[in-house]
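Residue-level structural notes
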Amino acid sequence: MKLVVLDGFANNPGDLDWSCLQSFGDLTVRERTSPEDVRRIIGDAEVVFTNKVRLGKKELEDTKVRYIGVIATGYDVIDLDYCNNQRITVTNVPGYSSDSVAQMTFAHILNYMNRIDLYAKENRQGRWAESRDFVYYLNTTHDIASMTLGIYGYGSIGKKVAEIARAFGMEVIAYSHRGKKEAPYVEEDEFFKRSHIISLHAPLNDTTRHFICKETLEKVRDGVILVNTARGPLVNEEELISYLDSGRVAAYLSDVLAQEPMAKNHLFLHREDVFLTPHLAWASFESRKKLMRILFDNVQAFLDGNPQNVVSQ
């Protein structure tokens, strides 16, 4: 059996190996594959793995592919309708990065609240050494224990974030388009009105795309902090700008953008109220190692005739 990894670098930049998948057959691992090369690279492979390379009719028609393993939790790069019609099984890897993403979420929040990056930079330049007092102030810091965290997307990652928030003494509320009533869920207007910090953890789909936009930003409390460690297109970036300019949104703390990698002329590039990390929230060594293990288990389950983590029908 032939297997192809289309874009393996993101999951394995060199600190892991692919030996677990080699046991299934003839494995080819590409660090990256351009859209125009996808058909050629797939060749006569029956098993294909992808993270961000899109796979639909154009890439899959007249191939031997019968299984696609998504090297991630999100699977919006796959044309599921086409795969369903062609009886191609598609699986993803859920739950592998909950700890890593939750950690990055609070790394962003705590960095902003305490301005660790700013003080560290200033101290490297000798500012504290020049201070007349034992303490050196640049701005006011705040305790998050007095704040309410609003979580949009209350799945495994959202619940992990909630667990950490409560340990800090924060109040946690959540919102879902599905209209769930039990605590900590609240209605949309209350969600925006009460949240000092809004953290996004929803998958990207037609319902969640541009959840943060002019319409919802009109509902936020003044000085809200927005955190996005999920998907860039959950936020309408152009509409967010004016709310950052006015101060209605105090800061945007994000690990993702609508276009990745970041454009060299992006609107956020030089803003001091935007704090960006380059889509690393999921990518701790431990999370990537766990992902690799689940990837193997998914293939084994498929070959055994009892596929798991199936996202196609």
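Up top you'll find the structure we're talking about.
An account of the accompanying structure is given in this report. Each chain has its residues counted from 1, following the order in which its sequence is written. With pLDDT at 70 or above as the cut-off, local features in this predicted model cover only qualifying residues; side-chain atom pairs require 80 or more to be listed or tallied, and sums for whole chains, interfaces and linings still use all residues. In computing side-chain properties, one takes all heavy atoms of the structure into account and sets aside hydrogens as well as water.

**Regarding unusual backbone geometry**
In this chain, Ala183 is followed by Pro184 through a cis amide linkage whose omega measures 10 degrees. Residue Glu260 is joined to Pro261 through a cis peptide bond whose omega torsion reads 0 degrees. Helical segments are the DSSP runs of H or I of at least four residues, strand segments are the runs of E of at least two, and each set is numbered from the N terminus. Relative to the helices and strands, Pro261 is located in the loop between β10 (249-254) and β11 (274-276). Look at Arg87: it is not a glycine, yet its phi comes out positive at around 55 degrees. Structurally, Arg87 can be placed in the loop between α4 (80-85) and β5 (89-91). Exposure categories follow from relative accessible area, calculated using a 1.4 Å probe and restricted to protein chains: below 20% of the type maximum is buried, above 50% is exposed, and the middle band is partly exposed. Residue classification places Arg87 among the exposed residues on the basis of a relative accessible area of 74%. One non-glycine residue with positive phi stands out, namely Arg115, at about 50 degrees. With respect to the helices and strands, Arg115 occurs in the loop between α5 (98-114) and α6 (116-124).

**Quick word on the nonpolar core**
In these notes, a set of buried Ala, Val, Leu, Ile, Met, Phe, Trp, Tyr and Cys residues joined through side-chain atoms within 4.5 Å is what counts as a nonpolar core. Core analysis: the biggest nonpolar cluster contains 28 residues, and Phe191, Leu200, Leu226 and Leu240 have the highest contact counts within it. Where this core is concerned, the elements lending two or more residues are β7 (171-175), α8 (188-194), β8 (197-200), β9 (224-228), α10 (237-246) and β10. For this analysis, residues touch if any pair of their heavy atoms sits within 4.5 Å. Apart from the residues within four sequence positions on either side, Leu226 is in contact with Ile198, Leu200, Ile212, Val235, Leu240, Val249, Ala251, Tyr252 and Leu253. By size, the runner-up hydrophobic cluster in this structure holds 24 residues, among which are Tyr67, Val93, Met104 and Leu295.

**What about the pairing of β10?**
Here β10 lies mainly inside the structure; five of its six residues are buried. Criterion used throughout: strands pair if DSSP finds at least two bridges between them. Direction of pairing for β9 relative to β10: parallel, over a ladder of five bridges. The residue bridging Asn228 from the neighbouring strand is Ser254, located in β10. Orient the strands so they point away from the viewer, and a crossover whose first-strand-to-second-strand path over the helix runs clockwise is right-handed. Each parallel crossover has a hand, and the one from β9 via α10 to β10 is right-handed. Note: β10 against β11, three bridges, orientation parallel. Paired with Ser254 across the bridge in β11 is Leu276.

**Observations concerning the packing of α5 against α6**
Note on geometry: axes are C-alpha line fits, over the in-contact stretch for helices, and angles between N-to-C directions span 0 to 180 degrees. Direction vectors running N to C along α5 and α6 enclose 55 degrees, while the axes themselves pass 6 Å from each other. Classified by the interaxial angle, the pair formed by α5 and α6 is oblique. Of the residues in α6, those in contact with Leu110, Asn111 and Asn114 of α5 are Ile116, Asp117 and Tyr119. Across the contact of α5 with α6, the residue classes tally to three nonpolar, two polar and one charged. Should an angle fall under 35 degrees it is called roughly parallel, over 145 degrees roughly antiparallel, and 65 to 115 degrees roughly perpendicular, with every other angle called oblique. Note on residue categories: nonpolar means Ala, Val, Leu, Ile, Met, Phe, Trp, Tyr, Cys or Pro, charged means Asp, Glu, Lys or Arg, and polar means any other residue, Gly included.

From the geometry alone we can't say anything about function, so treat these as descriptive.
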